[in-house]
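Residue strings, one per chain:
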Amino acid sequence: MAWNNPFKEMANSKPLFMTIYATVLIGIVFSSVYVFSAIYSSPHSSTFSLSIAPSASSDAEAEPSSQASNFSRLQADGHSTPLNPQLQSKLLKAIWTVPPAGSKMPDLESFRLSKELVQERVIGNVVVVTFGNYAFMDFILTWVKHLTDMGVENLLVGAMDTKLLEALYWKGVPVFDMGSHMSTVDVGWGSPTFHKMGREKVVLIDSILPFGFELLMCDTDMVWLKNPLPYIARFPEADVLTSTDQVVPTVTDDRLDMWQQVGAAYNIGIFHWRATESSKKLAREWKEMILADDKIWDQNGFNELVRRQLGPSVDDDSGLVYAYDGNLKLGLLPASIFCSGHTYFVQAMFQHLRLQPYAVHTTFQYAGTEGKRHRLREAMVFYDPPEYYDPPGGLLTFKPSIPKNLLLDGVHSIDTHFALVNYQVMPPLWCRLDRLWFGHPGILDGSLTRQPFVCPLDHVFEINVMLKEMPDEEFGPGISIREYSLFENPSMPQEVKRSWLDVHLCQEGSLGCQVNSTSQTGVLKLPRHTNEETLKTVFSKFNDMKVIQFSSMQDAFDGFTDKTREERFRNRVKRYVGIWCCVENHTPGHIYYDMYWDEKPGWKAAAPNSTEDDHPPW
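- Named according to an unreviewed UniProt entry, the chain is Arabinosyltransferase XEG113 isoform X2 originating from Nicotiana tabacum.

**So, the packing of aromatic side chains**
Then, in step 1: In total, this model carries 29 aromatic pairs according to the counting rule given.
Then, in step 2: Taken together, a centroid distance of 5.3 Å and an interplanar angle of 75 degrees make the contact between Phe139 and Phe382 edge-to-face. Separated by 243 residues along the polypeptide, Phe139 in helix 5 (residues 137-149) and Phe382 in the loop between helix 13 (368-378) and helix 14 (386-389) bring together distant segments of the chain. By the burial criterion, Phe139 is buried, and Phe382 matches it.
Then, in step 3: Ring centres of Phe487 and Trp500 lie 5.1 Å apart, and the angle between their planes is 70 degrees; on these two criteria the pair is classed as edge-to-face. With Phe487 in the loop between helix 18 (472-475) and helix 19 (494-498) and Trp500 in strand 18 (residues 500-506), this residue pair connects regions lying 13 residues apart in the sequence. Accessibility assignment for this pair places Phe487 and Trp500 in one class, buried.
Then, in step 4: Linked through ring pairs, Trp224, Tyr231, Phe235, Phe338 and Tyr358 together constitute an aromatic cluster.
Then, in step 5: Stacked on the ring of Tyr383, the Lys or Arg Lys145 has its end atom at 4.7 Å from the ring centre.
Then, in step 6: We note Arg570 situated over the ring of Tyr596; from NZ or CZ to the ring centre the distance is 4.3 Å.

**With respect to the sheet that holds strand 7 (residues 222-224)**
Then, in step 1: With mixed pairing, the 3 strands of this open sheet are ordered in space as 7-14-13. Where the open sheet ends on each side, the last strands, each with one partner, are strand 7 and strand 13 (338-339).
Then, in step 2: Bridge count for strand 13 against strand 14 (residues 359-361) is 2 bridges, and the pairing is parallel. The residue of strand 14 that forms the bridge with Phe338 is Ala359.

**Looking at the pattern of salt bridges**
Then, in step 1: What the rule picks out here adds up to 26 salt bridges.
Then, in step 2: The partner of Asp149 in a salt bridge is Lys145, and the shortest N-O contact between them spans 2.9 Å. You can see Asp149 and its partner Lys145 sitting in helix 5, 4 residues apart, about one turn around the helix.
Then, in step 3: Residue classification places Asp149 among the partly exposed positions, given a relative accessible area of 49%.
Then, in step 4: Each of the salt bridges in this network shares a partner with another, and the network as a whole consists of Glu532, Glu533, Lys536, Asp562 and Arg565.

**Brief notes about the confidence of the model for the chain**
Then, in step 1: Averaged over all residues, the pLDDT of the chain is 85; the fraction at 70 or higher stands at 81%.
Then, in step 2: Long-range and interchain partners of residues 1-21, a stretch whose pLDDT sits below 50, account for 51 contacts in this model, where long-range means more than four residues apart.
Then, in step 3: Low pLDDT, under 50, characterises residues 28-89; the predicted model gives this stretch 197 contacts beyond four residues in sequence or across chains.

**Overview of the sheet that holds strand 12 (residues 328-332)**
Then, in step 1: If you trace the 9 strands from one edge of the open sheet to the other, you get 5-4-3-6-9-8-12-11-10, paired in mixed fashion. Where the open sheet ends on each side, the last strands, each with one partner, are strand 5 (175-177) and strand 10 (310-313). Averaged over all adjacent pairs, the angle separating strand axes in this sheet is 35 degrees, with direction ignored.
Then, in step 2: Contacting strand 3 (126-132), strand 4 (155-159) and strand 6 (214-218), helix 5 runs over the sheet at an angle of about 170 degrees to strand 4.
Then, in step 3: Along the sheet face, helix 6 (residues 162-170) touches strand 3, strand 4 and strand 5 and points at about 155 degrees away from the line of strand 5.

Criteria and cut-off values
Residues numbered from 1 in each chain as written. Predicted model: local features only at pLDDT ≥ 70, side-chain atom pairs only at ≥ 80, totals over all residues. Heavy atoms only, no water. Phe/Tyr/Trp six-rings, centres within 6.5 Å; stacked < 30°, edge-to-face > 60°. Helix = DSSP H or I, 4+ residues; strand = E, 2+ residues; numbered from the N terminus. Buried < 20%, exposed > 50% of the residue type's maximum accessible area, 1.4 Å probe, protein only. Lys NZ or Arg CZ within 6 Å of the ring centre and 35° of its normal. Pairing = 2+ DSSP bridges. Salt bridge = Lys/Arg side-chain N within 4 Å of Asp/Glu carboxyl O. pLDDT = per-residue confidence, 0-100. Contact = heavy atoms within 4.5 Å. Axes fitted to C-alpha atoms, helices over the stretch in contact; angles between N-to-C directions.

Here it is in structure tokens:
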């Protein structure tokens, strides 16, 4: 049989946590920041990074008292004086042009939403809009930069707090005040404040449409990969074009998805509105619905209204369908190129179909905002400041090696999936089974997910927990991370890559394998099972090195001498792993990953027997 016992192979290696121990010790000497990196290609291109450093402190901001939203009370000014379209090019100010030195912040009243303010950003009667609070500043800047890099300047950002408004103004990003008085911190998916943000979106759409402009509305947790405006212009008859949560392709080219075959929810993270009577009627009723009942999620309300009547097709060719009141012409953007978090990060549907994606929205994702940010970083579509790529103290990386039988042999099952995942230390993380929040067979029927596949880090690790501040006296120093694609990112400075030391593990006693043995090529040969004191001595000589790459971390280090530090470290990292979800026909329907599975004789990947047993393995 091709499939051998995967646990036997894993049992022949040191426990997984010993690999992480090595980086901790080396980091004490090497720097205050150290990184794992799994690198498959050239010595200077990486596919994973994990940096370890004391977590930076942040001042949590208290949630402000509930206030009536000025933005929610915005009314369309039907008597606004129309601006001369010929003046449009003069009014369109260049983005990223910062205000003159010494200038003062204009009065907030000048940022109030009006037809004139929106007109200043309109091109071809279209404006592209997103909105958010200060917690999503980096997402918003990424969103804006992707659009401006592809020449799209007709954009506008709604600020839900004054801190964001001022920050964007001083960066030269066109912004308006939503008057929401929103907290500046991350509100968390599903929270009351999160739903309040959703209601603000609905009010915003209802406010802008009467101005007469086409509106491409987007969430901030998505990025544009290709200019969408030419695609949208292909469907001039559409009142509304919307993305969906569809995970099974209904078309194999760039046509609109076949509405008859889309059973998933219409996702309002990306959708385009034309200022027609039908769309304005829909926006108005949608606003009235969600303001009347704060328990209605904005997306559910949209789906309820639009699906009130669905069909027939508008014609034989466009892919549009009559919806809502029988007059609204609706089109469903193809999930293969207006991607969800599943069709992009897991299926890579656009690659299978040889298509170019227009957008990716970080849905079908775990670990909160930190997980969204990390996914975009893995895909190298998130913009970070230069210092992100050159952290103080440098980076520590390593090359992984996964046995072929763990990746490819045998059937794809829970047992083989856990055998593969448990063997690995860090990404690029290979999985055999998908993770979802409902019972499923491992891979969704009809999807284009290949097995095995490189799965997002949040499929196994709790990224939000990894980045959470924890008391040092109980958990030791914090561990920050870098994505596996860090060294492949074009934003990685060349001076970082040039400051590079290769460390090859070798068998003690073999030719040239001795401490302090550095070849002329800049390769350090280091005996396996090196003790803590020796590692301190060796790497104290490389304090100025920006990158140290190990040929392997397996058997590199035998543990801490300081048992208190070891215990704190173990206490921290055992909380880093999450669950595989979900086991079909079983309650509870998930299985916990365990960082220390190999210390537990008889460990088996199994769901808890009862709700009383349903807790993490610590």
